[in-house]
Amino acid sequence: YAGAQGQYRKYMEWNAFGKYSFAGYEVNDFTINANMTFKAYPFRKDRQSPLQLDAHFETSLKEPDYYQQHLYTNHYRWDNDFGKISTTKAEASLSVPRWKLDASFGYALLSNNIYYDTLGIARQNTKPMSVMTASLGKEFQFWKFHLDNKVLFQHSSDQEVLPLPMLSLDLRYYLQFYLVKNVLNVQLGANAIFATKYYAPGYNPALGMFYNQRDEEIGGSPNIDIFLNLQWKRACIYVKYINAGKGWPTGDYFSAYRYIKPQKALKFGIFWPFYIK
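Residues numbered from 1 in each chain as written. Predicted model: local features only at pLDDT ≥ 70, side-chain atom pairs only at ≥ 80, totals over all residues. Heavy atoms only, no water.

Asker: Hey, could you run me through empty space enclosed by the protein in this one?
Answerer: Any space left empty among the atoms is revealed by the rolling of a water-sized probe across them. For the structure on display, the rule yields 1 cavity of 30 Å³ or more. Looking at the largest cavity, its volume works out to about 70 Å³. N243, K246, G247, D252 and K261 are the residues nearest the centre of the largest cavity, which is lined by 13 residues in total. A breakdown of the residues in the lining of the largest cavity according to their chemical character gives 4 nonpolar, 6 polar and 3 charged. (1 Å grid on protein atoms, 1.4 Å probe; cavity = no way out; pocket = protein on both sides within 12 Å on 5 of 7 lines; lining within 4 Å. Points joined across faces, edges and corners; volume = space filled by probe spheres on them. Nonpolar A, V, L, I, M, F, W, Y, C, P; charged D, E, K, R; others polar.)

Asker: I'm lost on the side chain of T31 in this one. Help?
Answerer: Looking at the secondary structure, you find T31 in strand β3 (residues 30–40). Looking at T31, the relative accessible area reads 19%, which means it is buried. The contacts of T31, once residues within four sequence positions are left out, are F17, G18, K19, T59, S60 and K62. (Helix = DSSP H or I, 4+ residues; strand = E, 2+ residues; numbered from the N terminus. Buried < 20%, exposed > 50% of the residue type's maximum accessible area, 1.4 Å probe, protein only. Contact = heavy atoms within 4.5 Å.)

Asker: Sorry if this is basic, but what is going on with the environment of R172 here?
Answerer: Within the fold, R172 resides in strand β13 (residues 167–180). Separated by 166 residues in sequence, R172 and G6 place their C-alpha atoms 38 Å apart. Beyond its immediate sequence surroundings of up to four residues, R172 is in contact with H146, L147, D148, Q187, A190, N191, F227 and N229.

Asker: Got a minute to help me understand the packing of aromatic side chains in this structure?
Answerer: Pairs of aromatic rings are described using the distance from one ring centre to the other and the angle between the two planes. Taken as a whole, this structure holds 13 aromatic pairs when the rule is applied. Taking the centre distance of 6.4 Å and the plane angle of 50 degrees together, the rings of W78 and Y116 count as tilted. Of this pair, W78 sits in strand β6 (residues 77–79) while Y116 is found in strand β9 (residues 114–116), placing the two residues 38 residues apart along the sequence. When sorted by exposure, W78 lands in the same class as Y116, which is buried. In this structure, K138 packs its charged tip against the face of F140, placed 4.4 Å from the ring centre. For R172, the ring lying beneath its charged end belongs to Y174, and the centroid distance is 4.7 Å. (Phe/Tyr/Trp six-rings, centres within 6.5 Å; stacked < 30°, edge-to-face > 60°. Lys NZ or Arg CZ within 6 Å of the ring centre and 35° of its normal.)

Asker: Got a minute to help me understand the pairing of strand β12 (residues 145–156) in this structure?
Answerer: Put simply, side chains in a regular strand alternate between the two faces of the sheet. Two strands pair when backbone bridges link them, and strand β11 (residues 129–142) and β12 are joined in this way by 12 bridges, in the antiparallel orientation. Paired with K138 across the bridge in β12 is N149. From the end of β11 to the start of β12, which pair antiparallel, there are 2 residues, and W143 there has a positive phi angle of about 60 degrees. Of the strand pairs in this sheet, β12 and β13 are connected by 9 bridges, and their pairing is antiparallel. By the bridge assignment for β13, F145 is matched with L175. (Pairing = 2+ DSSP bridges.)

Scope: geometric values only; no functional claims are made or implied.
Okay, here's the thing in structure tokens:
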């Protein structure tokens, strides 16, 4: 293996790493990773929070896991002769702290990737496929109200091999204020997570693995938690009412195939670090 890294003042950083196996079970396997970061300081008032652009590239060729090739159990038995798995990824992300904005885009090309079919049997996808992702995060603030929005778009060229929800949302809206100035900080709000319907993988206890199923689509209903966070000096206290919107707008109670979401419940806790400055 070999690696290198460098930096140009405070504006650019880069690093690269490569690994190749000459012998053994993973002979001819290789991995290459490269990262680059660009920083700009267009806002004079925000010298400690620059605009940042990150780029990442990786490519690899790997031998499948031994248990994907050979398995002997009470319920499953196989001896496969799978080829090496090829993965190539290119990703870019942009962060603008002054605007409380984050965005990213990624593209992956997969070949010979392994999945578990509807019977839980390991299969190799011999046709190349691609996965594209794009995300956007933006926080809005109006007086003491905070609207934290995260949106994720995903597309798989072969949903039967790698099923993904097309759209996922993570919305966190809350009111933040000092109940006692500089002593007790309060957050009161709700967090909603939502994903469009898709054939979510099922879990096979005999294998300890997730497998693809085509019987039922999961999703289409938000999971809503109502929370109260208290920051009292060093102590953090929280109270959360989970799954407050159970059954709304539809009766989808599953987070995965045949696995029920947590029921309505009240949770509370405290985190209090003890140390001396």
